[in-house]
Amino acid sequence: MNTGRRSFLAYLATTVPALNVLGCARPAAPVEVRHAAADLGTWDGVRREFPLDPSWIHLAGFLLASHPRPVRDAIERHRRGLDENPALYLHEQERDGEANVRKAAASYMGVEPAEIALTDSTTMGLGTLYHGLPLASGQEILTTTHDHFSTHESLRLAAERAGATVRKVPLYDEPALATPAAMVDAIARAMTKATRVVAITWVHSGTGVKTPVRAIADAVAKANAGRDQRDRALLCVDGVHGFGVESAPVGELGCDFFVAGCHKWLFGPRGTGVVWGRQDHWPSLRPSIPAFTAEAWTPWLKGSPPAEASAAVMTPGGFHSFEHRWALDAAFAFHQSIGASRVAARIRELNRQCKEGLAAMKHVALHTPRADDASSGIVTFEVAGMTPKEVVERLAANKIMASTTPYATTYARVAPGLLNSPAEVDAVLGRIRELASA
Ligand SMILES: Cc1ncc(COP(=O)(O)O)c(C=O)c1O
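Here is what the cut-offs are and how they apply
Residues numbered from 1 in each chain as written. Predicted model: local features only at pLDDT ≥ 70, side-chain atom pairs only at ≥ 80, totals over all residues. Heavy atoms only, no water. Helix = DSSP H or I, 4+ residues; strand = E, 2+ residues; numbered from the N terminus. Buried < 20%, exposed > 50% of the residue type's maximum accessible area, 1.4 Å probe, protein only. Contact = heavy atoms within 4.5 Å. Near = heavy atom within 4 Å. Polar contact = N/O pair within 3.5 Å; in protein donor to acceptor, adjacent residues only side chain to side chain. Areas by Shrake-Rupley, 256 points an atom, 1.4 Å probe, with all protein chains shown as cover. Nonpolar A, V, L, I, M, F, W, Y, C, P; charged D, E, K, R; others polar. Domains from an automatic or database assignment. Buried area = accessible area lost by both parts, 1.4 Å probe. 1 Å grid on protein atoms, 1.4 Å probe; cavity = no way out; pocket = protein on both sides within 12 Å on 5 of 7 lines; lining within 4 Å. Points joined across faces, edges and corners; volume = space filled by probe spheres on them. Pairing = 2+ DSSP bridges. Axes fitted to C-alpha atoms, helices over the stretch in contact; angles between N-to-C directions. Core = buried A, V, L, I, M, F, W, Y, C linked by side-chain atoms within 4.5 Å. Phe/Tyr/Trp six-rings, centres within 6.5 Å; stacked < 30°, edge-to-face > 60°.

### Some remarks on the environment of V391
Alright, step 1. Along the polypeptide, V391 turns up in helix 14 (residues 388-397).
Alright, step 2. Using a relative accessible area of 1% as the deciding quantity, one classes V391 as buried.
Alright, step 3. The sequence separation of V391 and T192 amounts to 199 residues, and the corresponding C-alpha distance is 42 Å.
Alright, step 4. With sequence-adjacent residues up to four places away left out, V391 is seen in contact with F381, V383, M386, A412 and L435.

So this is what it looks like as structure tokens:
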């Protein structure tokens, strides 16, 4: 056997279970980790799990997570295994690595493991989903003017390829005045017989508005009533800023597909994400990137395509930063140890405090609704006489990490989350109050 052939077989053995030609295994070398037990019953205890620079108030954690200790430990364990013997460790993890992640994600999301595709980000999930949908010329994708670049651009490219069209409608004019009823109504009125996809975002990162996904799902179901299966509109959600914030399990939102990165509010390893879809929807999709799974690879060995798509077949293949991917189960477990309803209540409480403080300032225009049913963990605002960029720079000069919204209309943005305290929110409000005299 020549070297090229041998390495090809070794390669297959690490990716296709049916071809385990390495035929060897050893227990993964444990990384010894000694820490004080975590106290996730207190918010100080939760915060202590993160190595965040304590000299800053962090209000932009929703962009990219800091890793909590259990996630760092899991990454380190996998990294060590890969560094010591990459091919062998890959082979050992091949059976359970992604399966454990799917199980943990399913338990957190209230869905089945087989309904989850793994990705590297929200953007990869959106691109994979929208390019995979069976769109045709004459069909329409309905979306909103408030969605993120990653949704709009994925839809534009997918529609262009299929000859379909994209229509964007507003759900509100003034974000601060957005209401669930008006948002549902806007979607219901905009749907036509040609609408095959309704693409929305759970929490708008440009305004902080939360859309009523469950009620929109009901409106879509109503519009679908009496339609042929292949003409039905699918409700697809970019859920990244509700995932790890809101307590409603994904399985109860009523949507058809749900896409989220896990490296924001969920505190998952950077470069991880999920797409969830109802079991019966996956077979109609087409992958853009070949999956490195037995479901896709084994038929190829026999000279045929996969029998049908599934969440496994829609998981983009190639080798990944596996130490991060396999450590994702630790993030779901971390969130579940804190408790989804505690998480949601804490974020709601801090955001209420922030919005009420800002609303009371004459020099501040608060753009996020104050009502809990139309907002979540993101607060957007403007300060009279200053650009959003200037506001963020002034806060940064005081060691407060905020951000501007990367949309055509830009606001200053803060996102009080689990790693903040009421005292920190008060300190931030104090600094914004001082900007009146700037
Ligand atoms: C609503 C929304 N969707 C998608 C993304 C992109 O997320 P990712 O970095 O996971 O691709 C962002 C960025 O923060 C976002 O705000």
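### A word on the site of the ligand
Alright, step 1. Around the ligand, a shell composed of S121, T122, T123, H148, T201, S205, D238, V240, H241, H263 and K264 is seen.
Alright, step 2. Take H241: an N or O atom from its side chain is 2.7 Å from an oxygen atom of the ligand.
Alright, step 3. Surface burial for the ligand is 87%, taken as the share of its 390 Å² of free accessible area covered by protein chains.
Alright, step 4. Considering only residue class, the shell around the ligand consists of one nonpolar, eight polar and two charged.

### Quick word on the domain arrangement of the protein
Alright, step 1. In terms of domains, the protein is made up of domain 1 (98-337) and domain 2 (339-437).
Alright, step 2. Here the C-alpha centre of domain 2 lies 28 Å away from the C-alpha centre of domain 1.
Alright, step 3. Contact with domain 1, which involves 24 residues of that partner, is made by 27 residues of domain 2.
Alright, step 4. Together, the buried faces of domain 1 and domain 2 total about 2,000 Å²; carbon and sulfur atoms form 60% of this surface.
Alright, step 5. In this structure, the connection of domain 1 to domain 2 is made through eleven residue pairs in polar contact (both at pLDDT 80 or more).
Alright, step 6. In terms of residue count, the dominant contributor to the side of domain 1 that touches domain 2 is helix 12 (residues 328-338) (three residues).
Alright, step 7. Taken together, the residues that form the side of domain 1 that touches domain 2 break down as nine nonpolar, twelve polar and three charged.

### As for the side chain of T380
Alright, step 1. Secondary-structure assignment places T380 in strand 10 (residues 379-383).
Alright, step 2. The residues contacting T380, other than those within four sequence positions of it, are G206, T207, G208, A365, L366, H367, T368, T405, Y411, A412 and R413.

### Quick look at empty space enclosed by the protein
Alright, step 1. If you walk through the whole model with that rule in mind, you get one cavity of 30 Å³ or more.
Alright, step 2. Looking at the largest cavity, its volume works out to about 60 Å³.
Alright, step 3. For the largest cavity, the full set of lining residues is K210, V245, E246, A344, I347, R348, D372, S375 and S376.
Alright, step 4. Residue composition of the lining of the largest cavity, by class: three nonpolar, two polar and four charged.
Alright, step 5. A domain-level breakdown of the lining of the largest cavity finds at least three residues from each of domain 1 (98-337) and domain 2 (339-437).

### Describing the sheet that holds strand 6 (residues 234-238)
Alright, step 1. Across the sheet, seven strands lie side by side as 2-8-7-6-5-3-4; this open sheet has mixed pairing. Lying at the two open borders of the sheet, with one neighbouring strand each, are strand 2 (116-119) and strand 4 (165-169). The average angle at which neighbouring strand axes cross in this sheet is 20 degrees, direction not considered.
Alright, step 2. Judged from the four bridges that link them, strand 3 (residues 140-144) and strand 5 (residues 195-201) form a sheet pairing that is parallel. The partner of E140 across the bridge, within strand 5, is T195.
Alright, step 3. Most of the contacts of helix 7 (residues 149-162) go to strand 3, to which it runs at about 170 degrees, and overall it touches strand 3, strand 4, strand 5 and strand 6.

### What about the nonpolar core?
Alright, step 1. Residues M109, I116, L235, F243, F258 and F332 are the most contacted members of the largest nonpolar core, which totals 71 residues.
Alright, step 2. If you count residues domain by domain, this core takes at least three from each of domain 1 (98-337) and domain 2 (339-437).
Alright, step 3. If sequence neighbours within four positions are ignored, L235 has contacts with V198, I200, V213, I216, A217, V220, C255, D256 and F257.

### Some remarks on unusual backbone geometry
Alright, step 1. Phi angles above zero are rare outside glycine, and F267 is one such case at about 65 degrees.
Alright, step 2. Assignment of secondary structure puts F267 in the loop between strand 7 (257-261) and strand 8 (273-277).
Alright, step 3. Not every positive phi belongs to a glycine, and K399 is a case in point at roughly 60 degrees.

### Some remarks on the packing of aromatic side chains
Alright, step 1. Under the criterion given, the structure shown has 16 aromatic pairs.
Alright, step 2. Centre to centre, the rings of F292 and W297 are 5.1 Å apart; their planes meet at 70 degrees, and the pair counts as edge-to-face.
Alright, step 3. What makes W297 buried here is its relative accessible area of 9%.
Alright, step 4. Linked through ring pairs, Y89, F292, W297, W300, F319, F322 and W326 together constitute an aromatic cluster.

### Concerning the environment of L429
Alright, step 1. The topology assignment puts L429 in helix 15 (residues 422-434).
Alright, step 2. For L429, a relative accessible area of 4% corresponds to the buried category.
Alright, step 3. For the pair L429 and H148, spaced 281 residues apart in sequence, the C-alpha separation works out to 27 Å.
Alright, step 4. Among all residues touching L429, those that are not within four sequence positions of it are Q353, C354, G357, L358 and M361.

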